[in-house]
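Remarks on the overall topology
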Amino acid sequence: MRKEVWFGLSILAAIVIAIAVLMPSPADLTNGHLGLLMLALIVVTIMLGFPTAFTLMGMGVMFTYLAYRNMGPQQAIAQTLDLMVLRTYAVMTNDVLIAVPLFIFMGYLVERANLIEKLFRSMHLAMARVPGSLAVATVVTCAVFATATGIVGAVVTLMGLLALPAMLKAGYSVKLSAGAITAGGCLGIMIPPSVLLIVYGAVAGVSVVKLYAGAFFPGIMLALLYVIYIMIVAKLNPKAAPPLSEEERRVTLPEFAEITKRTISNRVLPGLIGAMKGKRNAAVPMRTLFNHLVIALLPALVFVAIMGLSYKIVTAPLPQQASGLVEMGFASDTDGSSHFDSGGLQEPEIEGGLAEPEASAAATPESAATKAEPEEQVANESRPAPAAFWILLAIGTIIFVAFYAMFTFARLEIFKMLLSSFFPLAIMILAVLGSIVFGLATPSEAAAMGSFGGILLALAYRRLNLPMLKESVYLAAKTSAMVCWLFVGSSIFSAAFALLGGQEIINTWVLGMDLTPVQFMILAQIVIFLLGWPLEWTEIIVIFMPIFLPLLAHYQIDPLFFGLLVALNLQTAFLSPPVAMSAFYLKGVAPSHVTLNQIFAGMLPFMGIQIIAIVLLYLFPAIGLWLPQVLY
């Protein structure tokens, strides 16, 4: 029998033995003990392979009946069915979950648009001179594609078919290759738009918008840590990630580029502009030259447009704010006159008494108007651009001058490949995230926009047809049904657990330990990390998060920050044996000589990097909380 099976059976045996030893005799069982027994049994049944959603429902219904058993059979059944219906209805009315099927549908559409092959090829060539370029390109491709799809299994499987043979052929070690693919494929559950964050938001009652804003930089940080690790390994041990040969880095140029390179210049701008003048463009059509000149100038045009928009924003006049103050004398001239004439309280007229000169009353409105005119002119004047804008403009200009000085026809071809693979996905992702984060759309509306963007991408790449659309709809409906049934089961299970008093026992036990907030946070993350070994992230979120969440208020921990730490921590659920699904996805498409133990060994350093990322986020909370605080 394989080692993984023995490992899983040993964990299962340990849980069963702990239940047998720690539980009191049946005569002494209380409802609280039944709650803890239910929690232990759900882990055992899931590890035995029972369907998670229906096991949660069945276990919840059975233990709810036991909680009401003293009321009599008829009343207990009625109360159990009422709780089941109410908890199901509560899930059905949770509008946050509308985004789940839409994001899943978007992911299946993007997956079937067959972008990943072009994306990996363009990333591979763009990073050819970077140490460990193939592995770095693999992580970046996984990050982009996993973010667009959110489907870990699809990303790991496709990259196993594309990147793993390429890396093994180039002499990369099996461990580094497997680790880069499996760890990179899991980034989709961290970087928004992520279904995991939607599920956590629905369970914890935290704004999904804030979770998306908070998870953006930690996800990017984790991907950068992977890239840095690969580059360090490639530098210290070139045998594990040898540099690409000149032949592998060569880019095939089209005919017009070869002619222009040979006759005029290898640099794009001088070559194209020179070919468009005089008789030297006889061998190349003018339309081809002009089209490629526009493509070459696209980065500069985008930079000019961004800086122009930024200039307009930073120099816009400050909005006038009504102070709500009214000058004395104005109100009395209009509304107050009728009041005084009607015989209200008035001061008696005093002959020869002290009185202000009559001219002052007339001068007051004129002087106020005179003062208001300069103030209005100042408010309408444009503000001068700050020094930071000009510094940024100067730095950007210098960068673009250097960029175009090194912009050869080979780099133009790589840029064209990125235009057709990387940028469409990036624009779609940023449009979806931007509309959510900046408040232009709710997550559900943005998910609908993303689904429409996925349809447009499939149409643009000539992959959209009725069978493909039917398959995407079917798979999205199947996955969404699994998630929604999981929520229904989790809701019934959590209600039964709280009804039995299990939550109260755990709260009392944890509070009795007299932990500091730091100690509680460390304990919670260790428990979640260990739960990731036998369970998947969905089960951890829907079963165990409701146990931790009531304790956060006591320790004054922000549920948003806790959710970001949990999302980073749950990356390990896909990499930790025996339920390391990424390893099994990769093993299914890997060459026969690649063993499961090699894949597990390759994943371990990346699990260590995930732990480092959790520590960094805890030590520097601004990594995750800065953007939500700025925007909201």
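Keep in mind it's a predicted model, so treat the numbers as computed, not measured. (Residues numbered from 1 in each chain as written. Predicted model: local features only at pLDDT ≥ 70, side-chain atom pairs only at ≥ 80, totals over all residues. Heavy atoms only, no water.)

1. Looking at the side chain of Ser 490
Applied cut-off: A run of H or I in DSSP counts as a helix once it spans at least four residues, and a run of E counts as a strand once it spans at least two, with each numbered from the N terminus. Should any heavy atoms of two residues lie within 4.5 Å, those residues are counted as being in contact.
With respect to the helices, strands and loops of the structure, Ser 490 is situated in helix H21 (residues 466-499). Setting aside chain neighbours within four positions, we find Ser 490 in contact with Leu 56, Val 542 and Ile 543.

2. Some points on a nonpolar patch on the surface
We apply this condition: Here a patch means residues that are over 30% exposed by relative accessible area and free of salt bridges, tied together within 9 Å if like-charged and within 5 Å if nonpolar (Val, Leu, Ile, Met, Phe, Trp, Tyr). All accessible areas in this document rest on Shrake-Rupley with a 1.4 Å probe, and a residue is counted as covered only by the protein chains that are shown. For this document, the term salt bridge refers to a Lys or Arg side-chain nitrogen within 4 Å of an Asp or Glu carboxyl oxygen. The cut-offs for exposure are 20% and 50% of the maximum accessible area for each residue type, with area from a 1.4 Å probe on protein chains only; residues under the lower value are buried, those over the upper are exposed, and the others partly exposed.
The grouping of Ile 220, Leu 224, Ile 228, Ile 232 and Leu 236 at the surface amounts to a nonpolar patch, some 490 Å² of accessible area in total. One can find Leu 236 in helix H11 (residues 208-236). A relative accessible area of 72% means that Leu 236 is categorised as exposed.

3. Focus on the packing of aromatic side chains
The line we're drawing: When two rings of Phe, Tyr or Trp (its six-membered ring) have centres within 6.5 Å they constitute a pair, described as stacked for plane angles under 30 degrees, edge-to-face for angles over 60, and tilted for the intermediate range.
As enumerated under the stated definition, the model contains 23 aromatic pairs in all. Their ring planes at 45° and their centres at 6.3 Å tell us that Phe 548 and Phe 562 sit as a pair that is tilted. Taken together, the positions of Phe 548 in helix H24 (residues 537-552) and Phe 562 in helix H25 (residues 559-569) put the pair 14 residues apart, joining distant regions of the chain. Given a relative accessible area of 10%, Phe 548 falls into the buried group. A network of ring pairs unites the aromatic residues Phe 303, Phe 400, Phe 403, Tyr 404, Phe 407, Phe 415, Phe 422 and Phe 423 as a single cluster.

4. Focus on unusual backbone geometry
Note the cis peptide between Pro 192 and Pro 193, where omega equals 0°. Locating Pro 193 in the fold gives a position in the loop between helix H9 (174-185) and helix H10 (195-204). One non-glycine residue, Arg 462, lies in positive phi territory at about 55°. Tracing the chain through its elements places Arg 462 in the loop between helix H20 (443-460) and H21. Positive phi, normally seen in glycine, also occurs at Gln 556, with a value near 55°. Mapped onto the elements, Gln 556 comes out in the loop between H24 and H25.

5. Overview of the pattern of salt bridges
What the rule picks out here adds up to 1 salt bridge. One salt bridge in this structure joins Glu 413 and Lys 416, with 3.1 Å as the shortest N-O distance. Here Glu 413 and its partner Lys 416 are both found in helix H19 (residues 409-437), 3 residues apart, which amounts to about one turn of the helix. A residue is classified by how much of its surface remains accessible, and Glu 413, at 11% relative accessible area, is buried.

6. Some thoughts on the nonpolar core
Note the threshold: For the purposes of this section, nonpolar cores are sets of buried Ala, Val, Leu, Ile, Met, Phe, Trp, Tyr and Cys residues that join through side-chain atoms within 4.5 Å.
Grouped together as the largest cluster of nonpolar side chains are 173 residues, with contacts concentrated most on Leu 425, Met 545 and Phe 562. Membership of the second largest hydrophobic core comes to 17 residues, among which are Ile 259, Val 268, Val 284 and Leu 412.

7. Here we look at helix H14 (residues 268-275)
When you tally the buried positions in H14, you get 6 out of 8 residues, the bulk of the element. The complete set of buried residues in H14 reads Val 268, Leu 269, Gly 271, Leu 272, Gly 274 and Ala 275. Tucked inside the fold, the buried residues of H14 contact helix H13 (255-263), helix H15 (286-314), helix H18 (387-405) and H19.

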